[in-house]
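Below are the chains, spelled out letter by letter.
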Amino acid sequence: MHTRVGILGAGPAGLVLSLLLAEKGIDSVIVETRTREEIERTIRAGVLEQGTVDLLVRHGAGDRALREGARHDGIELRFGGRPHRIDFAGLVGRSVWLYPQHEVLKDLVAARTAASADIRFGCSQVELRGLEGDRPSVAFTDDGGARHELTCTVVAGCDGSNGISRRSIPQGARTEHFRAYPFGWFGILAEAPPSSAELVYAHSERGFALISTRSPGVQRMYFQCAPDEEADAWSDARIWDELQARVVGDGFALQEGPIFQRGVIPMRSFVCEPMRHGRLFLAGDAAHVVPPTGAKGLNLAVADVAVLARALTEFFATGSEAGLDAYGPTALRRVWRAQHFSWWMTSMLHTPPDASPFDVQRQLGELDMVTGSTAGAAYLAEAYTGWPLDG
Ligand code: RFL
Ligand code: PHB
């Protein structure tokens, strides 16, 4: 088997890359360890930047996001028991879309399957070989147990934070920047009507809470917890009490309902540099992870592959590696901006276990500055809705 671009991972990065390449007539094969059903069921991101939605629409995979997703023109920052709106549309003329990641993946898999794309779900024992030569390959066992070797011109490592691509780069050839936060997010899905028209990011004495949504009948909420919190040790009543206590004030209260999904998510910041090793190119969570407070992870994965697809198009058309050489540095500029934004939102809104009264008052001063100044609010609005896509 041979293909020009061997792609590891059918997440947002891998699927969007194969979509963009196909439009330029560049063939690819996606090798994925999970089944299609697992991918389409996993609950993750909710917020798409305007640029991500525009890209999906332009390439024929965004119609349902436009139809069934919800445009949000702002968010609420809640602190001191009061709401403060950040008006994205008024400040920067842009918006975000609430449309769940697994729905994006359903649309992408449907679009790629309709175009007869070669996606191998349910593979195991995936190995990368010959990355430093001009004929790298992906060895894998397919879902029927047969072993294959796929030779490629280049390999795109889109296999997420726990994949094998990054680890296939010799340790001496990569630098990893890592920060773990001393808290996690307790996430729930509940059958309930929405409590707010826009997302609520709440700072409180008990810690952070985020009120998000999935549909008119299903709500997504998170609250800061210990990194090793046992999600199953909490009764529904205790979860609701904790969430209510973190948003209380001004008469605001959450609409409660049965909780049907729960889990604890770690919070970390991570960047691997460089994003290229020989003929291997890392994209998305394989190269970088952000804490979810800035809603940037999926959007960064899409931004990476927009740059990579353009570089690969140039490479296959002209043989020039200039675009491929520039891929990592170009992508990393946006990655570090997003790292800063995600870290900043996290540190402004969460209460670390050792926070002193000074730390809490400083956060409130910062929140007052962001919501009370047009320049402060515009910075948040610009970063949250996303910088223009390169590529
Ligand atoms: P993914 O989605 O992890 O996909 C990687 C795929 O690779 C497969 N794989 C392998 N395939 C082949 N060989 C191997 N050896 C393999 N090992 C793994 C995996 O099965 C998987 O299918 O990475 P990708 O494509 O880079 O996409 C990244 C995003 O998924 C991630 O950044 C976001 O989910 C982050 N995120 C958010 N991002 C946003 O932009 N907006 C949000 O609102 C947002 N909210 C969130 C989030 C992530 C969260 N969690 C659970 C971490 C909220 C949460 C709670
Ligand atoms: C979500 O709806 O899952 C969500 C929204 C905003 C975030 C993170 C996650 O910052």
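Further up the page is the structure itself.
How each quantity is defined
- Residues numbered from 1 in each chain as written.
- Chains lettered and ligands numbered in written order.
- Predicted model: local features only at pLDDT ≥ 70, side-chain atom pairs only at ≥ 80, totals over all residues.
- Heavy atoms only, no water.
- Helix = DSSP H or I, 4+ residues; strand = E, 2+ residues; numbered from the N terminus.
- Expected span 1.5 Å × (residues − 1).
- Buried < 20%, exposed > 50% of the residue type's maximum accessible area, 1.4 Å probe, protein only.
- Arc of directions from axis to C-beta.
- Contact = heavy atoms within 4.5 Å.
- Near = heavy atom within 4 Å.
- Polar contact = N/O pair within 3.5 Å; in protein donor to acceptor, adjacent residues only side chain to side chain.
- Areas by Shrake-Rupley, 256 points an atom, 1.4 Å probe, with all protein chains shown as cover.
- Nonpolar A, V, L, I, M, F, W, Y, C, P; charged D, E, K, R; others polar.
- Core = buried A, V, L, I, M, F, W, Y, C linked by side-chain atoms within 4.5 Å.
- Domains from an automatic or database assignment.
- Salt bridge = Lys/Arg side-chain N within 4 Å of Asp/Glu carboxyl O.
- Phe/Tyr/Trp six-rings, centres within 6.5 Å; stacked < 30°, edge-to-face > 60°.

K.L.:
How should helix α10 (residues 357-372) be read in this particular structure?
P.N.:
Residue pairs spaced three or four apart in an α-helix point in one direction, given the helix's 3.6 residues per turn. Counted at 1.5 Å a residue, the expected span for α10 with its 16 residues is 22 Å, and the 22 Å between its end C-alpha atoms agrees. Here α10 has its buried residues at Val360, Gln363, Glu366, Leu367 and Val370. Taken end-on, α10 shows its buried residues confined to a sector of 120°, consistent with a single buried face. For α10, the exposed residues lying more than 90 degrees away from the buried face are Pro357, Phe358, Gln361 and Gly372. Along its buried surface, α10 packs onto β5 (74-79), β6 (82-87), α9 (322-349) and α11 (374-385).

K.L.:
Looking at this structure, how should I read the site of ligand 1?
P.N.:
The immediate surroundings of ligand 1 are formed by 29 residues, with Ala13, Glu32, Gln101, Asp285 and Leu298 found nearest. At a separation of 2.7 Å, an oxygen atom of ligand 1 approaches a polar side-chain atom of Gln101. Contact with the protein chains hides 87% of the accessible area of ligand 1, taken as 1000 Å² for the molecule alone. Those elements that provide at least two residues to the shell around ligand 1 are α1 (12-23) and α8 (297-318). Ranked by residue count, the leading element in the shell around ligand 1 is α8, at four residues. Looking at the shell around ligand 1 residue by residue, the classes come out as 13 nonpolar, 10 polar and six charged.

K.L.:
Which parts of the structure should I look at to understand the nonpolar core?
P.N.:
Most often, soluble globular proteins keep nonpolar side chains buried together rather than apart. Among the nonpolar cores identified, the biggest contains 103 residues, and Leu17, Val138, Tyr201, Leu380 and Tyr384 are the most heavily contacted of them. Broken down by element, the residue count for this core peaks at 12 residues, all from α8. Taken domain by domain, this core gets at least three of its residues from each of domain 1 (5-71 + 97-177 + 268-349) and domain 2 (181-267 + 353-384). Not counting residues within four places of it along the chain, the set of residues in contact with Leu380 comprises Ile75, Leu77, Ile86, Phe88, Phe341, Trp344, Met345 and Val370. Listed in part, the 19 residues of the second largest apolar core include Ile188, Ile211, Trp234 and Leu254.

K.L.:
Help me understand the site of ligand 2 in this model?
P.N.:
Inspection of the region around ligand 2 gives 14 residues, with Tyr201, Ser212, Arg214, Tyr222 and Pro292 positioned closest. A distance of 2.8 Å separates an oxygen atom of ligand 2 from a polar atom in the side chain of Tyr201. The fraction of the free accessible surface of ligand 2 (280 Å²) that becomes covered by protein chains is 97%. Those elements that provide at least two residues to the shell around ligand 2 are β14 (209-215) and β15 (218-225). Top element by residues in the shell around ligand 2 is β14. It accounts for three residues.

K.L.:
It is not clear to me how the side chain of Glu32 should be interpreted in this structure. Could you clarify?
P.N.:
Here Glu32 is to be found in the loop between β2 (28-31) and α2 (36-41). In this structure, Glu32 is in contact with Gly9, Ala10, Gly11, Ile39, Arg120, Phe121, Gly122 and Cys123, ignoring residues within four places of it in sequence.

K.L.:
Whenever I open this one, the pattern of salt bridges confuses me. Can you help?
P.N.:
When the charged atoms of two side chains with opposite charge come close together, those side chains can pair. Counted by the stated rule, this structure contains 26 salt bridges. Note that Asp285 is salt-bridged to Arg44, the shortest N-O span being 3.4 Å. Here Asp285 is found in the loop between β18 (280-282) and β19 (288-289), whereas its partner Arg44 is found in the loop between α2 and β3 (47-49), with 241 residues between them in sequence. A single network of salt bridges, built from pairs that share partners, joins Arg64, Glu68, Glu103, Lys106 and Asp107.

K.L.:
Any chance you could explain the packing of aromatic side chains here in plain terms?
P.N.:
Here the distance between the centres and the angle between the planes together describe a pair of aromatic rings. Counting across every chain of the model gives 14 aromatic pairs. Seen from their ring centres, Trp185 and Phe208 are 5.5 Å apart, and the 25° between their planes marks the pair as stacked. Pair noted here: Trp185 is in strand β12 (residues 175-191) and Phe208 is in the loop between β13 (200-202) and β14, with a separation of 23 residues, a long-range link. Its relative accessible area of 1% is what places Trp185 among the buried residues. On the accessibility criterion, Phe208 (0% relative accessible area) is buried. Between the aromatic rings of Trp185 and Tyr222, the centroid separation amounts to 4.6 Å while the plane-to-plane angle is 45°, which identifies the pairing as tilted. Of the two residues, Trp185 sits in strand β12 while Tyr222 sits in strand β15, which places them 37 residues apart along the sequence. As far as burial versus exposure is concerned, Trp185 and Tyr222 are alike and both buried. A connected cluster of aromatic rings, assembled from ring pairs, spans Phe88, Trp185, Tyr201, Phe208, Tyr222 and Tyr384.

So, to be careful, I would describe these as geometric facts and stop short of saying anything about function.
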